[in-house]
Amino acid sequence: MNVLVTGGMGYIGSHTCIQLLQANITPIIFDNLYNSKASVTSRLHEVTGQELAFVKGDIRDKELLVSTMRQYNIDAVIHFAGLKAVGESVQKPLEYYDNNVNGTLVLVDAMREAGVNSLIFSSSATVYGDPHTVPITEDFPTSATNPYGRSKLMVEECLTDFQKANPDWSITLLRYFNPVGSHQSGRLGEDPQGIPNNLMPFVAQVAVGRREYLSVFGDDYATPDGTGVRDYIHVMDLADGHIAALTKVGDRSGLHTFNLGTGNGSSVLDMVKAFEQASGKSIAYKIAPRRAGDIAECWADPAKAEKELGWKATRSLQQMTQDTWRWQSENPNGYPE
Ligand code: NAD
Ligand code: UD1
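Just so it is clear, the structure is predicted and the values come from calculations on it, not from any experiment.

Cut-offs applied
Residues numbered from 1 in each chain as written. Chains lettered and ligands numbered in written order. Predicted model: local features only at pLDDT ≥ 70, side-chain atom pairs only at ≥ 80, totals over all residues. Heavy atoms only, no water. Helix = DSSP H or I, 4+ residues; strand = E, 2+ residues; numbered from the N terminus. Contact = heavy atoms within 4.5 Å. Pairing = 2+ DSSP bridges. Near = heavy atom within 4 Å. Polar contact = N/O pair within 3.5 Å; in protein donor to acceptor, adjacent residues only side chain to side chain. Areas by Shrake-Rupley, 256 points an atom, 1.4 Å probe, with all protein chains shown as cover. Nonpolar A, V, L, I, M, F, W, Y, C, P; charged D, E, K, R; others polar. Axes fitted to C-alpha atoms, helices over the stretch in contact; angles between N-to-C directions. Salt bridge = Lys/Arg side-chain N within 4 Å of Asp/Glu carboxyl O. Buried < 20%, exposed > 50% of the residue type's maximum accessible area, 1.4 Å probe, protein only. Parallel < 35°, antiparallel > 145°, perpendicular 65-115°, else oblique. Left-handed = near helix turned anticlockwise from the far one by under 90°.

Trainee: Sorry if this is basic, but what is going on with the environment of Asn 35 here?
Mentor: With respect to the element layout, Asn 35 can be found in the loop between strand 2 (26–31) and helix 2 (40–48). Residues Asn 35 and Asp 251 lie 216 residues apart in sequence; the distance between their C-alpha atoms is 31 Å. Filtering out sequence-adjacent residues up to four positions away, Asn 35 remains in contact with Lys 84 and Gln 193.

Structural data, given as structure tokens:
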């Protein structure tokens, strides 16, 4: 099977390519390198021993998408490409709607023209807004509080309508909780540009000496230690979730929606402690005001994915922090240019 992986040079996409090859599925990467580096291809080669096909292109370029899908006899698409920084989305909403919403519509139109009707979409737990309770099941109400979240929700709604009108299509919405960690080789990992927005890369940069201290955004939430609780999931478990979705429902027509999380909540201070253990470094932190838009708790009920996909996250918090530390300490400045 040949799968077009949009955004395959990025954090989650690159790790998913490794697991696709493991499953004897051929990934063809389509990425404009807006938020990734060309050197990812050599790292993928190093880790897998295989030369991956890479097409440099933008998902808003329909012609290039159609010709790529035809050239490589694509059977299905896993769609990671998009912009993902919440704060930036508030400053640049047009760019977010254009890349994430318009980009997806162009992609689906190109798939239709090329006769490809199986799609897996990277959605996010952000579509649950501020959930009334935890754990979160797939039937919880959805809402959005910022343009990034709204773009994910809009795409989910567009794809739902499209699938209804085209019942022979298989469309899968995967709602990721908080992906962290790296490939166990230490050769691939998360390489955020500028100051990291997310907790784990920030902590890793404090440990390696690139940042002085972590600001803990709020210690007065109604959680066991007062700091925010999230469902951190190892990126390799997340990658495996895509293979499960592709092989279990990717050829089954319908709209399929799954949470990809572990079902466990960890606080900011839990993560700091786990990272200190994994790295042997002490992580300096200061309590800071809450970050606008943050919620107290967010963690998944992953039972549906286990039942219907036979998939379950298996990697521990210790593995997540150890693998992050290996990547960060061996690549303190991320990927080479
Ligand atoms: P990433 O930025 O590392 O990867 C995205 C890739 O898409 C990058 O390589 C980028 O160059 C590419 N890209 C962006 N716009 C493009 C365009 N118009 N055409 C072609 N390529 C384009 O992000 P990631 O963390 O790997 O996230 C992948 C997907 O998962 C995104 O859609 C993101 O919104 C979603 N997601 C991520 C998280 C997370 O915490 N990382 C959580 C939930 C959902
Ligand atoms: C954020 C996004 C969410 C997106 C998700 C995955 C916001 C408001 N939400 O979620 O839309 O889907 O990333 O990309 O940006 N924290 C600190 N100090 C830091 C960074 C984070 O204390 O420097 C805390 C946060 O307050 C939160 C936890 O760590 O409690 C996790 O934060 P983060 O990694 O940014 O993920 P989310 O906020 O869950």
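Trainee: Would you take a moment to explain the sheet that holds strand 9 (residues 229–230) for this structure?
Mentor: Think of a sheet as strands paired side by side through backbone hydrogen bonds, with each pair either parallel or antiparallel. Here we have three strands laid out as an open sheet, ordered 12-9-14, and mixed in their pairing. Two strands bound the open sheet, and with one partner strand each, they are strand 12 (266–267) and strand 14 (297–298). Where strand 9 and strand 12 come together, two bridges link them in antiparallel fashion. Paired with Arg 230 across the two strands is Ser 266, which belongs to strand 12.

Trainee: Before we go on, may I ask you to explain unusual backbone geometry in this structure?
Mentor: Across the chain, the bulk of peptide bonds are trans and the bulk of non-glycine residues have phi less than zero. A cis amide bond, omega 0 degrees, links Val 134 with the succeeding residue Pro 135. Inspection of the secondary structure puts Pro 135 in the loop between strand 5 (118–124) and helix 6 (147–165). Look at Leu 33: it is not a glycine, yet its phi comes out positive at around 60 degrees. Its place among the elements puts Leu 33 in the loop between strand 2 and helix 2. Notably, Asn 73 is not glycine yet its phi reads approximately 45 degrees, a positive angle. Within the secondary structure, Asn 73 sits in the loop between helix 3 (62–71) and strand 4 (76–79).

Trainee: Help me understand the site of ligand 2 in this model?
Mentor: Around ligand 2, a shell composed of 18 residues is seen, among which Ser 215, Phe 217, Arg 230, Arg 291 and Asp 294 lie nearest. Note that an oxygen atom of ligand 2 is positioned 2.9 Å from one of the backbone N or O atoms of Leu 199. Against a free-state accessible area of 730 Å², the protein chains account for coverage of 88% of ligand 2. Here the element with the most residues in the shell around ligand 2 is strand 8 (residues 214–217); it accounts for four residues. Broken down by class, the residue content of the shell around ligand 2 amounts to eight nonpolar, seven polar and three charged.

Trainee: What exactly am I supposed to notice about the sheet that holds strand 4 here?
Mentor: Ordered by their spatial adjacency, seven strands build an open sheet running 3-2-1-4-5-6-11, and the pairing between neighbours is parallel. Of all the strands in the sheet, the pair left with one neighbour each is strand 3 (53–56) and strand 11 (254–260). Shown here is a sheet whose adjacent strand axes are inclined to one another by a mean of 20 degrees, direction ignored. In terms of strand pairing, strand 1 (residues 2–6) meets strand 2 through five bridges, oriented parallel. Across the sheet, the residue bridging to Thr 6 is Phe 30, located in strand 2.

Trainee: How do you make sense of the pattern of salt bridges when you look at a structure like this?
Mentor: Pairing is possible between side chains that carry opposite charge, provided their charged atoms lie close to one another. Counted according to the given criterion, the structure contains 15 salt bridges. Taking the shortest distance from any N to any O, the salt bridge between Asp 109 and Lys 62 comes out at 3.1 Å. Here Asp 109, found in helix 5 (residues 93–114), pairs with Lys 62, found in helix 3; they are 47 residues apart in sequence, far enough to count as distant. According to the relative accessible area criterion, Asp 109 is partly exposed, its value standing at 26%. The exposure class assigned to Lys 62 is partly exposed, which follows from its relative accessible area of 28%. Each of Lys 62, Asp 109, Arg 112 and Glu 113 takes part in a single network of salt bridges with overlapping partners.

Trainee: Which parts of the structure should I look at to understand the site of ligand 1?
Mentor: Taken together, 27 residues are adjacent to ligand 1, and Asp 31, Asn 35, Ser 36, Asn 99 and Tyr 148 come closest. For ligand 1, an oxygen atom lies 3.0 Å from a polar atom in the backbone of Tyr 34. Interatomic distance of 2.8 Å between a side-chain N/O atom of Lys 84 and an oxygen atom of ligand 1. Considered on its own, ligand 1 offers 830 Å² of accessible surface; in the complex 96% of this is hidden by protein.

Trainee: Looking at this structure, I do not really get the side chain of Thr 262. What am I missing?
Mentor: Along the chain, Thr 262 turns up in the loop between strand 11 and strand 12. Of note is the side chain of Thr 262, whose polar atom sits 2.6 Å from the side chain of Asp 231. Polar contacts involving the side chain of Thr 262 include one to the main-chain amide nitrogen of Asn 264, which spans 3.0 Å.

Trainee: For this particular structure, what's the right way to read the packing of helix 1 (residues 11–22) against helix 8 (residues 235–248)?
Mentor: What describes two packed helices is the angle between their axes and the distance between those same axes. Between helix 1 and helix 8, the least distance of the axes is 8 Å, while the angle of their chain directions is 60 degrees. The angle between the axes of helix 1 and helix 8 places the two elements in the oblique class. Where helix 1 crosses over helix 8, the two elements pack in a sense that is right-handed. Here helix 1 contributes Tyr 11, Ile 12, His 15, Thr 16, Gln 19 and Leu 20 to the contact with helix 8, which in turn contributes Val 235, Met 236, Leu 238, Ala 239, Asp 240, His 242, Ile 243 and Leu 246.

Trainee: Where do I start with the side chain of Asn 331 in this structure?
Mentor: Relative to the helices and strands, Asn 331 resides in the segment after helix 11 (317–330). Residue Asn 331 is classed as buried on the basis of its relative accessible area, which comes to 4%. Non-local contacts of Asn 331, meaning those with residues more than four positions away in its chain, are made with Arg 43, Gly 186 and Arg 187.

What is shown is where atoms sit, not what they do.
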